[in-house]
Amino acid sequence: MISTVDTTQELAAFLRTRRERLDPQDFGLSSRRTPRRTPGLRREEVAELAGVSVDYVVRLEQGRGLRPSVDVVEALSRALRLTPDERTYLFDLARQRPRDVGKSATTAPPQLARLVADLSPLPAMLMNHRYDILAWNGEIARLLLDFDTLPQPQRNAMWLCLMHPGMRDFYVDRERVVREGVAHLRAAWAAHPEDRELADRIAEFTARDEEFARFWGERDVKVNGRGHKVLRHPDVGVLAVHFEVLTPLQDPDQRLVIYRAADDESQSALDRLRTRDGRRHET
């Protein structure tokens, strides 16, 4: 079962997995010491690189209740060669990043809902950090599916990708899409440690989808602000889209997602969807 975040234990596990993924040869360490029985760097090597004591690294990795300072988190980020998203995740786990303590959004502010509609003919939708879909326009409903036909708990982009029968084969590169979605949810989980609904979602996905559970266990962290997807639409065939994710300053918990055709053929496919008789696509 996935609980709300036990930051001490998750910090310990995250540090261990990042250390074990490092290649000693990248640090010129392969010939300095005796043969290695475990993958990655040793704790004493991480301690040396970060400028902290070995005992401190041991206690962090054993989940013994330490709360590293900003300077130590920064030093560990450099020593472990974390990506920007992983670094943010580590700061969240160490409780060293200022956070919004307000409740998570469950409805779209009227101004943002109107903006989503006004973005037509570009397919667009508004989501919160859990991937709950809060608002959408007709173009994205025709491209994906008619969200109006779904019970509210199912209006969640990750739930649809994993659980909806009509979406199982919708993404040509399904594994990459799921992996990136899991990496986003892990970042959101650390940034919202008291979000019981998010924890319950993750527990459901982990229990019901083996692929999700495997990726969750890898502890990858990544937040995509833009990207590319290839879709297998049942009515207009395969098309490629670029997407952009924008965060409103007034509502930082929400994400405005905008799709654009990646090429002329894909634009033609979107045009055909848009000029249909107004009937929304239902998978």
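Sequence positions are assigned chain by chain, starting from 1 and proceeding in written order. Residues qualify for local features only when their pLDDT is at least 70, as the model is predicted, and side-chain atom pairs are given and counted only at 80 or more; totals for whole chains, interfaces and linings, by contrast, use all residues. Side-chain measures here rest on the full set of heavy atoms in the structure, leaving out hydrogens and waters.

### Side note on the side chain of histidine 184
Step number 1: Numbering of helices and strands starts at the N terminus; helices are DSSP runs of H or I of at least 4 residues and strands are runs of E of at least 2. As for its placement among the helices and strands, histidine 184 is situated in helix H9 (residues 174–191).
Step number 2: When its relative accessible area of 11% is taken as the criterion, histidine 184 is described as buried.
Step number 3: Should any heavy atoms of two residues lie within 4.5 Å, those residues are considered in contact. Excluding its chain neighbours within four sequence positions, the residues that come into contact with histidine 184 are His129, Tyr131, Lys222 and Val223. Using a 1.4 Å probe on the protein chains alone, a residue whose accessible area is under 20% of its type maximum counts as buried, one over 50% counts as exposed, and one in between counts as partly exposed.

### Concerning the nonpolar core
Step number 1: Among the buried residues, those of types Ala, Val, Leu, Ile, Met, Phe, Trp, Tyr and Cys that are joined through side-chain atoms within 4.5 Å form a nonpolar core. Counting residues in each nonpolar core, the largest one holds 71 residues, and the members touching the most others are Met125, Phe147 and Phe212.
Step number 2: Of the residues forming this core, the biggest block, eight residues, is contributed by H9.
Step number 3: Residues contacting phenylalanine 212, with those up to four places away along its chain left out, are Met158, Leu162, Val182, Leu185, Ile202, Phe205 and Thr206.
Step number 4: In terms of nonpolar packing, the next biggest core, distinct from the first, is built from ten residues, Leu112, Val116, Leu126 and Ala135 among them.

### Examining the environment of phenylalanine 14
Step number 1: Relative to the assigned elements, phenylalanine 14 resides in helix H1 (residues 7–21).
Step number 2: Classification of phenylalanine 14 by relative accessible area gives buried; the value is 0%.
Step number 3: Linking phenylalanine 14 and aspartate 220, residues 206 residues apart in sequence, is a C-alpha distance of 9.3 Å.
Step number 4: Discounting chain neighbours no more than four positions away, the residues touching phenylalanine 14 are Leu82, Glu86, Tyr89, Leu90, Leu93, Arg219 and Val221.

### Let's talk about helix H5 (residues 84–93)
Step number 1: Within H5, the full set of buried residues consists of Glu86, Tyr89, Leu90, Phe91, Asp92 and Leu93.
Step number 2: For H5, the elements touching its buried residues are H1, helix H4 (70–79) and H9.

### A look at the sheet that holds strand S2 (residues 133–136)
Backbone hydrogen bonds are what pair the strands of a sheet, in a parallel or an antiparallel way.
Step number 1: In spatial order, the strands read S2-S1-S5-S4-S3; together these five strands make up an open sheet with antiparallel pairing. A strand with exactly one partner marks an edge of an open sheet, and here the two such strands are S2 and strand S3 (226–233). For this sheet, the mean angle separating the axes of adjacent strands, direction not counted, is 30°.
Step number 2: A pair of strands is considered paired only if DSSP assigns at least 2 bridges between the two. Summarising the sheet, strand S1 (residues 124–128) and strand S5 (residues 254–261) pair through five bridges and their orientation is antiparallel. Bridge pairing in S5 places methionine 127 opposite arginine 255.
Step number 3: A fitted line through C-alpha atoms serves as each axis, taken over the contacting stretch for helices, and the angle formed by two N-to-C directions is quoted from 0 to 180°. Contacts from helix H12 (residues 264–274) reach S3, strand S4 (237–246) and S5 within the one sheet, and its direction differs from that of S4 by about 90°.

### Describing the pairing of S4
Step number 1: Of the strand pairs in this sheet, S3 and S4 are connected by eight bridges, and their pairing is antiparallel. Paired with lysine 229 across the strands is valine 241, a residue of S4.
Step number 2: The hairpin turn running from S3 into S4, its antiparallel successor, is three residues long.
Step number 3: Bridge analysis of S4 against S5 gives six bridges, and the strand direction is antiparallel. Across the sheet, residue glutamate 244 finds its bridge partner in S5, namely isoleucine 258.

### Digging into the confidence of the model for the protein chain
Step number 1: Averaged over all residues, the pLDDT of the protein chain is 89; the fraction at 70 or higher stands at 92%.
Step number 2: Note on scores: pLDDT gives the predictor's confidence for each residue, bounded by 0 and 100. The low-confidence segment residues 277–283, where pLDDT is below 50, has 22 contacts with residues more than four positions distant or belonging to other chains.

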